[in-house]
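Listed here are the chains, written in short residue letters.
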Amino acid sequence: MSNKSIFFIGVFGVSLFANGVLCQSSIQFTDLVMGDSLKTTGRLLQNHSYGLYAIEYPQAKIDTIFVAVHGYESEGYEWVYALRKMASSGNQTYYFRNNWNQCPSIITSELKSHLQQLILDNTNIKHIIIFGHSYGGVIVGGLIDDDFPISLEIHSLAAPLA
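Starting from 1, residues in each chain are numbered consecutively following that chain's sequence as written. For this predicted model, a pLDDT threshold of at least 70 governs which residues receive local features, and a threshold of 80 or more governs which side-chain atom pairs are given and counted, while totals over whole chains, interfaces and linings are taken from all residues. As a convention, hydrogens and water are excluded, and side-chain values are obtained from all of the structure's heavy atoms.

## As for the nonpolar core
Among the nonpolar cores identified, the biggest contains 25 residues, and Val67, Val69, Leu111, Leu115, Ile128, Ile130 and Leu143 are the most heavily contacted of them. A run of H or I in DSSP counts as a helix once it spans at least four residues, and a run of E counts as a strand once it spans at least two, with each numbered from the N terminus. For this core, the secondary-structure elements that each account for two or more residues are β3 (51-56), β4 (61-69), β5 (91-97), α3 (104-121), β6 (127-133), α4 (135-141) and β7 (151-157). Here this core gets five residues from one element, more than from any other, and that element is α3. Apart from residues no more than four positions distant in its own chain, Ile128 is found in contact with Ile65, Val67, Leu115, Ile119, Ile150, Ser151, Leu152 and Glu153. Grouping buried Ala, Val, Leu, Ile, Met, Phe, Trp, Tyr and Cys residues that are joined through side-chain atoms within 4.5 Å yields what is termed a nonpolar core. For each residue, the accessible area found with a 1.4 Å probe, counting protein chains only, is set against the maximum for its type, and the residue is called buried under 20%, exposed over 50%, and partly exposed in between. Here, two residues are considered to be in contact whenever any of their heavy atoms come within 4.5 Å of each other.

## So, the pairing of β7
For β7, the buried fraction is high: six of the seven residues fall into the buried class. Alignment of β6 against β7, held across seven bridges, turns out to be parallel. Each residue of the ladder has a partner; that of His127, found in β7, is Ser151. Note that the unit made of β6, α4 and β7 has a crossover that is right-handed. DSSP bridges decide pairing: two strands pair if at least two such bridges lie between them. By convention, orient the strands away from the viewer: a clockwise path from the first strand over the helix to the second makes the crossover right-handed.

## Points about unusual backbone geometry
Unusually for a residue other than glycine, Glu73 sits at a positive phi of about 55°. Examined against the element boundaries, Glu73 turns out to sit in the loop between β4 and α2 (77-88). Classification of Glu73 as partly exposed rests on a relative accessible area of 48%. At Ala158, a residue that is not glycine, the phi angle is positive and equals roughly 50°. The class for Ala158 is partly exposed, based on a relative accessible area of 38%.

Here's what the structure looks like:
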């Protein structure tokens, strides 16, 4: 059985509501621009096809990785600051672009497949810290009962308990 930590934050409120190849391309850290370009940066994130994208950061460690999962109708800009903070921590960071019009169990299955492939391709990964916001929180919450050969820490932020 895998070690898992589960955090549900802000479960009250409105319930907001892909078969991409693993890391079809990457997103450059330097493209994650704040300030006046924040909305443009968000569109850059959301214009990618569905799948898991590495945030390219020099000499990122891969023993512990971060994964960010957006919610329903995300414009992407909501994740720019968080992705910059995660990547600049020195740990490899990923952004999971999903089709929010699909049933959460389908999206969770796609995310699980991407994570399993990532673990197979990178045997140095020992721990994954995954963040899901809103509908993304429902998606990552669907991983709770799944077994992974590494430890998985799940943070479901402002998401309903589904």
